[in-house]
Amino acid sequence: MSPVWLLSAVLVITALASQPAAAQDRGNSDWSFRLAPYLWFSNLGGSEDLGRPPADQVFGNLIVPVEDTLLKKAWAVRAEIGKGRSRLWLHVSRATIVNETEAHPEDDPDDIIPGAYNMAWGTGEVFGAVQVGPFSTAHAIELYGGARYTRHDQTVTLDGAAPRNINESWIDPVLGVRLYSELGRRFWAAFNTDLGGFSLGSEFAWTLAGELGFRVAGPLDLTMRYNYQEVEYDNGKTGGDAYRWSNGVQQGWLFGAVLKL
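Residues numbered from 1 in each chain as written. Predicted model: local features only at pLDDT ≥ 70, side-chain atom pairs only at ≥ 80, totals over all residues. Heavy atoms only, no water.

1. Let's talk about the overall build of the chain
Helices and strands together make up the secondary structure of the chain, namely one helix and 12 strands. Ordering the α and β elements of the chain from the N terminus gives α-β-β-β-β-β-β-β-β-β-β-β-β. Across the chain, every contact between residues at least 6 apart in sequence was considered, and the portion connecting residues at least 24 apart equals 66%. Of the accessible surface of the chain, which amounts to about 12,600 Å², a share of 62% is contributed by carbon and sulfur atoms. (Helix = DSSP H or I, 4+ residues; strand = E, 2+ residues; numbered from the N terminus. Contact = heavy atoms within 4.5 Å. Areas by Shrake-Rupley, 256 points an atom, 1.4 Å probe, with all protein chains shown as cover.)

Shown next as structure tokens:
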């Protein structure tokens, strides 16, 4: 068991043993805290628009298709602390993809070179949020903004050649909105979307996500979340140091436990 999951399990057990009921986080003028570790079944690849093939990477002087139809096990952790209408929202995740591929030189699409790639996509988000409109426990509209750190670590190995590595990281400004609603019978739902990049980190990025939660007992909820994030990035370099990905996508299902204090 990884340290993240072990720590989360200890916190959940401790909270269940010590608290008879969960603290209400929305519509609460006092402090609130939420910790949510997730098992993430992720997929990395290029976006597909109007039946066209997925958007490929430019890796040095190569075009490298990065895609898969399978979901891979990954992880994510989210924490939120709030008081009244204000909240601080932290999110960290990491997903990987390893596959064979057929690359070709950027200037010669007919020259196919078999090989393989190993890619990791890491994300760290820090957002401040404020609830607008009625201050209610049953529903909420929150405007949020902050920064998203993204890192791509990738190794491409072509037949008959040594492995080539590219490591790229950037920070995007982000603006978004989140909706929360009680559904009754222990269920709740949340949706969020945001825009980022604006040519200050990536060229452009956007996210769309939805989450369904179920209250188990006391401060513990179980949750199922779907997250889709698309980014357009260009490091501005040429030759062997170039790295561009027009509409790279990380997406997938997250299953987790929410500890509420």
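Having put the structure on the table, let's press on.
2. What to know about the side chain of Arg 34
Tracing the backbone through its elements, the reader meets Arg 34 in strand 1 (residues 31-46). In this structure Arg 34 comes out as buried when scored by relative accessible area, which is 5%. Contacts of Arg 34, omitting those with residues within four sequence positions, involve Asp 25, Arg 26, Arg 78, Ala 79, Glu 80, Arg 87, Trp 188, Val 258, Leu 259 and Lys 260. (Buried < 20%, exposed > 50% of the residue type's maximum accessible area, 1.4 Å probe, protein only.)

3. As for the environment of Asp 241
By the element assignment, Asp 241 lies in the loop between strand 11 (220-234) and strand 12 (243-260). Residue classification places Asp 241 among the exposed residues on the basis of a relative accessible area of 51%. On a C-alpha basis, the gap between Asp 241 and Ile 166 in space is 7.6 Å, while along the polypeptide they are 75 residues apart.

4. What about the environment of Val 126?
Note on placement: Val 126 falls in strand 6 (residues 113-132). Spatially, the C-alpha atoms of Val 126 and Arg 148 are 6.5 Å apart, while their sequence positions differ by 22 residues. Not counting residues within four places of it along the chain, the set of residues in contact with Val 126 comprises Leu 88, Trp 89, Leu 90, Gly 145, Gly 146 and Ala 147.

5. Some details on the pattern of salt bridges
A side chain with one charge may pair with a side chain of the opposite charge, provided their charged atoms come close. Counted by the stated rule, this structure contains 15 salt bridges. Of the charged contacts, one joins Arg 178 and Glu 80 as a salt bridge, the two residues approaching to 2.8 Å between their closest N and O atoms. Here the residue Arg 178 occupies a position in strand 8 (residues 164-184), and Glu 80 occupies one in strand 4 (residues 72-83), the gap between them amounting to 98 residues. Assessed through its relative accessible area of 5%, Arg 178 is described here as buried. (Salt bridge = Lys/Arg side-chain N within 4 Å of Asp/Glu carboxyl O.)

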